[in-house]
Amino acid sequence: MNKVIITEHPLIQHKLTLMRMKDTGSKDFRELLTEITMLMGYEVTKDLPLTDIEIDTPVGKTNSKILAGKKLAIVPILRAGIGMVDGFVSLIPAAKVGHIGLYRDPETCKPVEYYCKLPQDIGEREVFLVDPMLATGGSATAAIELLREKGAKNIRLINLVAAPEGIEEVHSKYPDVDIYVASVDEKLDDHKYIVPGLGDAGDRLFGTK
Ligand code: PRP
Ligand code: URA
């Protein structure tokens with residue numbers, strides 16, 4: 001059964017509050033999302049395996065720990081997921097980046113796929129699927145389905161803000177996918193926007209509205 005890990009660090013919560021404010025502009029919104037992603041990255045990468053190597057410090061030899069070289073892939077759901085790539089890539093520079101393009105049809109609120117480009121060896125990689133918003137869960141479950149079709153086995157979903165409905169949707173369809181989130185908000189409104197949420201993440205990131 002999947003876990004929902006809520007990253008409650010005070011810096012994350014403070015920065016999320018700034019992002020929610022309607023007068024926060026795109027520049028600050030982008031920077032805050034990158035900063036929060038890096039802070040969430042601490043939690044998401046907490047169980048990465050380590051191995052010992054022998055090194056020389058200026059003072060002597062020691063056995064010291066490095067990452068065991070697990071292969072990772074960061075996969076943003078376009079567009080808004082792009083805002084979480086830089087934060088992760090700066091923490092894990094060796095990770096490959098795939099892209100899944102989905103938009104919510106404004107009438108039906110169902111996801112429409114328009115792009116998919118993944119690392120060829122996605123099946124051997126631990127996948128961090130990133131998108132700031134988990135509303136109905138339609139986009140996340142469509143992205144997980146695509147990843148599974150391409151052979152991905154281990155997937156973690158990383159969102160900034162989630163609605164209970166979205167968590168339930170992922171939970172029921174993909175019980176083995178853990179969800180990392182900075183906040184579980186109250187509900188969805190009639191237009192399937194998260195309440196209180198932060199509005200349309202893609203538009204706020206890219207200044208398109
Ligand atoms: C937003 C968001 C998620 C999706 C969440 O993208 O970034 O991908 O909606 O909603 P859901 O859980 O109900 O599927 P949107 O479709 O607005 O596209 P955009 O990122 O290109 O603006
Ligand atoms: N997509 C967003 O960007 N925000 C929401 O609240 C719901 C879907």
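Residues numbered from 1 in each chain as written. Chains lettered and ligands numbered in written order. Predicted model: local features only at pLDDT ≥ 70, side-chain atom pairs only at ≥ 80, totals over all residues. Heavy atoms only, no water.

Under an unreviewed UniProt entry, the name given to the chain is Uracil phosphoribosyltransferase, and the organism recorded is Peptostreptococcus russellii. In the Pathway (unreviewed entry) part of its UniProt record, the chain is described as follows: "Pyrimidine metabolism; UMP biosynthesis via salvage pathway; UMP from uracil: step 1/1." (UniProt positions renumbered as here; feature names shortened; annotations may be inferred.)

Student: Explain the site of ligand 2 here, please?
Tutor: As a structural note, the neighbourhood of ligand 2 is formed by Arg104, Met133, Ala135, Lys192, Tyr193, Ile194, Gly199, Asp200 and Ala201. Between a nitrogen atom of ligand 2 and a main-chain N or O atom of Gly199, the distance comes to 2.8 Å. Measuring from an oxygen atom of ligand 2, one finds a backbone N or O atom of Ala201 at 2.9 Å. The fraction of the free accessible surface of ligand 2 (230 Å²) that becomes covered by protein chains is 89%. If you map ligand 2 onto the pockets, it falls in the largest pocket. (Near = heavy atom within 4 Å. Polar contact = N/O pair within 3.5 Å; in protein donor to acceptor, adjacent residues only side chain to side chain. Areas by Shrake-Rupley, 256 points an atom, 1.4 Å probe, with all protein chains shown as cover. 1 Å grid on protein atoms, 1.4 Å probe; cavity = no way out; pocket = protein on both sides within 12 Å on 5 of 7 lines; lining within 4 Å. Sits in = over half its atoms within 2 Å of the grid points.)

Student: Can you help me understand the packing of helix α4 (residues 138–149) against helix α5 (residues 164–173) in this one?
Tutor: In a packed pair of helices, the relevant descriptors are the angle between the two axes and the axis-to-axis distance. Across the interface, α4 lies against α5 with an axial gap of 8 Å and an inter-helix angle of 25°. The angle between α4 and α5 falls in the class roughly parallel. Between α4 and α5 the crossing geometry is right-handed. Listed contacts from α5 to Ala140, Thr141 and Ile144 of α4 are Glu169, Val170 and Lys173. Taken together, the residues of the contact of α4 with α5 sort by class into three nonpolar, one polar and two charged. (Axes fitted to C-alpha atoms, helices over the stretch in contact; angles between N-to-C directions. Helix = DSSP H or I, 4+ residues; strand = E, 2+ residues; numbered from the N terminus. Parallel < 35°, antiparallel > 145°, perpendicular 65-115°, else oblique. Left-handed = near helix turned anticlockwise from the far one by under 90°. Contact = heavy atoms within 4.5 Å. Nonpolar A, V, L, I, M, F, W, Y, C, P; charged D, E, K, R; others polar.)

Student: Explanation requested: the layout of surface pockets in the structure shown.
Tutor: Once rolled over the atoms, a probe with the size of a water molecule shows which space is left empty. In this structure, the largest pocket encloses a volume near 650 Å³. Forming the boundary of the largest pocket are 30 residues, of which Tyr103, Arg104, Ser139, Tyr193 and Asp200 lie nearest the centre. Looking at the lining of the largest pocket, the elements that each hand over two or more residues are β4 (72–78), β6 (99–104), β9 (133–134), α4 and α6 (201–206). Volume-wise, the second largest pocket comes out at about 170 Å³. Along its surface, the second largest pocket is lined by Thr108, Cys109, Lys110, Pro111, Thr136, Gly137, Gly138, Thr141, Ala142, Glu169, Lys173 and Lys192. Considering every element that reaches the lining of the second largest pocket, the biggest residue donor is α4, with three residues. Within the lining of the second largest pocket, the residues separate by chemical class into three nonpolar, five polar and four charged. (Points joined across faces, edges and corners; volume = space filled by probe spheres on them.)

Student: Help me out: how do you make sense of the UniProt feature "domain: Phosphoribosyltransferase" (unreviewed entry) in the chain in this one?
Tutor: The UniProt record annotates "domain: Phosphoribosyltransferase" (unreviewed entry) at residues 6–208. Along residues 6–208 the backbone is 32% helical and 32% strand, and the end-to-end C-alpha distance reaches 30 Å.

Student: Where do I start with the environment of Leu48 in this structure?
Tutor: You can see Leu48 is positioned in the loop between α2 (26–44) and β2 (50–56). Through-space distance from the C-alpha of Leu48 to that of Thr108 is 39 Å; in sequence the pair is 60 residues apart. For Leu48, the residues in contact, after removing those within four places along its chain, are Leu67, Lys70 and Leu72.

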